[in-house]
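Reading the structure
Now for the letters of each chain:
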Amino acid sequence: MANETYDFGMIGLGTMGRNLLLNMADHGFKVAGYDRDAQKISILEENANKGTIAKGFTELADMINSLSKPRKLMMLVPAGNPVDDVIKGLLPLLDNGDIVIDGGNSHYTDTLRRVNALKEKDIHFMGIGISGGEQGARNGPSIMPGGDAEAYAVVQPILEAVAAKVNKTPCVAYLGKHAAGHYVKMVHNGIEYAIMQLISECYDLMHRGLGLSNDELSDVFAKWNKEDLKAYLIEITADIFKYEDDKTTNRLVDMIVDKAGAKGTGKWTSQDAIDLPVPVPTIDMAVTVRNISSFKDQRKEAAELYKTAVKKIRKDKDAFIQQLHDALYFGTLISYSQGMSMLEVASTELDMNIPLNEVVKVWRGGCIIRSSLLDVFVKAFEQHAVLPNLLLDNGIAELLLAKEQNMREVIVTAINAGFPCGALMTALTYFDAYRSAELPTNLIQAQRDYFGAHTYQRVDEPGTFHTEWIKVKL
Ligand code: 6PG
């Protein structure tokens, strides 16, 4: 085996890197992995299925030299400086035409910088979003590649082999130029934040509001997962409520501190949306609520000060659960709409040329936000050559209108009972504002012109106008 050459190399053999490599090996590719930690090498080799080839290296140069040319390699290391450190170590070992993939959750501006820096050295650097967690990496993730189209063509067969499949179609496609892969993955995560927040608000209303037990909650989510809300996040939520704590007699979910962590991709989505600018208020709210949750001590103090007590929801249980189902469906659909409209604008503004119809296909399987709704979106993009917002599709409009009233009733009930429900509210407000031909922003323009001579446009003639408002007042 001394002169064996390998088809693909992985730098970083944490669970994600190892699992993705083993997935490649299962599909007949000869793979090599590098990690400084010899134990991780052993775990890789021990877990390789019989008849597959997965070789570990503790020396980076040895791994690089073992790859067939042009070399195809991926790094799965924490975003930020570690990626630059790996690139620095790699450069002296690479040849022209080699392909280096960053499969982590890097910020797209970092990816852009790296793409350009490596292009000067004739090395293809690609940012590829990979979703699906540890299980996804092992059994079929959703893969979001972007960057050099020629380099993509070289790695395409490997990525297609390992990706999740929906109706035999691999959940991977070329998603655009430059840093498009990491951009699409960032927005995927923003949508993920929004849906998770919507689910947690519905959980709160059923748990503290209706008084449902964990078993009942699990049953509700399991039922929803069989219907039009079928989605990975709904499925795992049903599982979570069943999980027994091994230290107490409680369910584990009740023993978890209510402070949400965040690695940053949701925040990046919000930040970039503001810069574009594109409204994604449900994603913004999801980030905000995670931030509020971290102020646990202040929340406790405020709860005492305000004698906070949510009211029980005294409505017919089954009827309210149905309303919650509709509200969650409505909010989830709106969250995807916000994310997709952001991709639409960013595609042009950042010159990425993102094929939105391919994005929704790639998200159908393997990723955290996979859901039966993606099939609805695929259909919508089949019917429109250009669709700046999913809300402009007739079929989607019908779906939303059918759930709208229940969405309103859930929010009214939640507000009157004192439940925080920011994600639900922002989803409805976005809907109400987006579908309004008229908004009261004429007044804002008048105010801006009044105090700052910022000018305005008139409804009855073209041009830009300014008024000396003080005189009008006199
Ligand atoms: C995925 C996930 C994955 C990860 C994120 C979320 O698509 O597989 O989105 O990328 O779970 O890091 O992390 P935070 O919630 O910590 O931001």
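Residues numbered from 1 in each chain as written. Predicted model: local features only at pLDDT ≥ 70, side-chain atom pairs only at ≥ 80, totals over all residues. Heavy atoms only, no water.

Around the ligand, a shell composed of 15 residues is seen, among which Ser131, Lys185, Glu192, Tyr193 and Lys263 lie nearest. Take glycine 132: an N or O atom from its main chain is 3.0 Å from an oxygen atom of the ligand. When the ligand is considered free in solution it has 410 Å² of accessible area, and contact with the protein chains removes 79% of it. Ranked by the residues each element gives to the shell around the ligand, the list is headed by helix α8 (residues 180–209), at 5 residues. Tallied by class, the residues present in the shell around the ligand amount to 3 nonpolar, 8 polar and 4 charged. (Near = heavy atom within 4 Å. Polar contact = N/O pair within 3.5 Å; in protein donor to acceptor, adjacent residues only side chain to side chain. Areas by Shrake-Rupley, 256 points an atom, 1.4 Å probe, with all protein chains shown as cover. Helix = DSSP H or I, 4+ residues; strand = E, 2+ residues; numbered from the N terminus. Nonpolar A, V, L, I, M, F, W, Y, C, P; charged D, E, K, R; others polar.)

Below, the discussion takes up the pairing of strand β5 (residues 99–102). Judged by which residues are buried, β5 turns out to be covered on both faces: Ile99 and Ile101 on one side and Val100 and Asp102 on the other are all buried. Alignment of strand β4 (residues 72–75) against β5, held across 4 bridges, turns out to be parallel. By the bridge assignment, methionine 74 is partnered in β5 with isoleucine 101. Between β4 and its parallel partner β5, the chain crosses via helix α4 (residues 81–90), and the hand of that crossover is right-handed. As defined by bridge partners, β5 adjoins strand β6 (residues 124–131) across 4 bridges and the pair is classed as parallel. Directly across from isoleucine 99, in β6, lies its bridge partner histidine 124. A crossover connection joins β5 to the parallel β6 through helix α5 (residues 108–119); in handedness this β-α-β unit is right-handed. (Buried < 20%, exposed > 50% of the residue type's maximum accessible area, 1.4 Å probe, protein only. Pairing = 2+ DSSP bridges. Right-handed = clockwise from strand over helix to strand, strands pointing away.)

Domain assignment breaks the protein chain into domain 1 (8–174), domain 2 (185–434) and domain 3 (441–472). Relative to domain 3, the C-alpha centre of domain 2 lies at a distance of 38 Å. (Domains from an automatic or database assignment.)

The next thing to look at is the nonpolar core. With 87 residues, the main nonpolar core has Tyr183, Met206, Trp224, Leu343 and Trp363 as its most contacted residues. Residues from two domains meet in this core; each of domain 1 (8–174) and domain 2 (185–434) gives at least three. Within the second largest apolar cluster, 32 residues are counted, among which are Leu13, Leu22, Ala25 and Ala163. (Core = buried A, V, L, I, M, F, W, Y, C linked by side-chain atoms within 4.5 Å.)

Over its 33 residues, helix α14 (residues 317–349) extends 48 Å from the first C-alpha to the last, a length consistent with the 48 Å expected when each residue adds 1.5 Å. When you tally the buried positions in α14, you get 25 out of 33 residues, the bulk of the element. N-cap assignment for α14: the residue whose side-chain oxygen lies 3.3 Å from the backbone N of aspartate 318 is aspartate 316. Count one or two residues on from α14 and you reach aspartate 351, which has phi positive near 50°. (Expected span 1.5 Å × (residues − 1).)

On the surface, a nonpolar cluster with roughly 400 Å² of combined accessible area is contributed by Tyr243, Leu252, Met255 and Ile256. Looking at where tyrosine 243 falls in the secondary structure, it is placed in the loop between α10 (232–242) and α11 (265–275). (Patch = residues over 30% accessible without salt bridge, like charges linked within 9 Å, V, L, I, M, F, W, Y side chains within 5 Å. Salt bridge = Lys/Arg side-chain N within 4 Å of Asp/Glu carboxyl O.)

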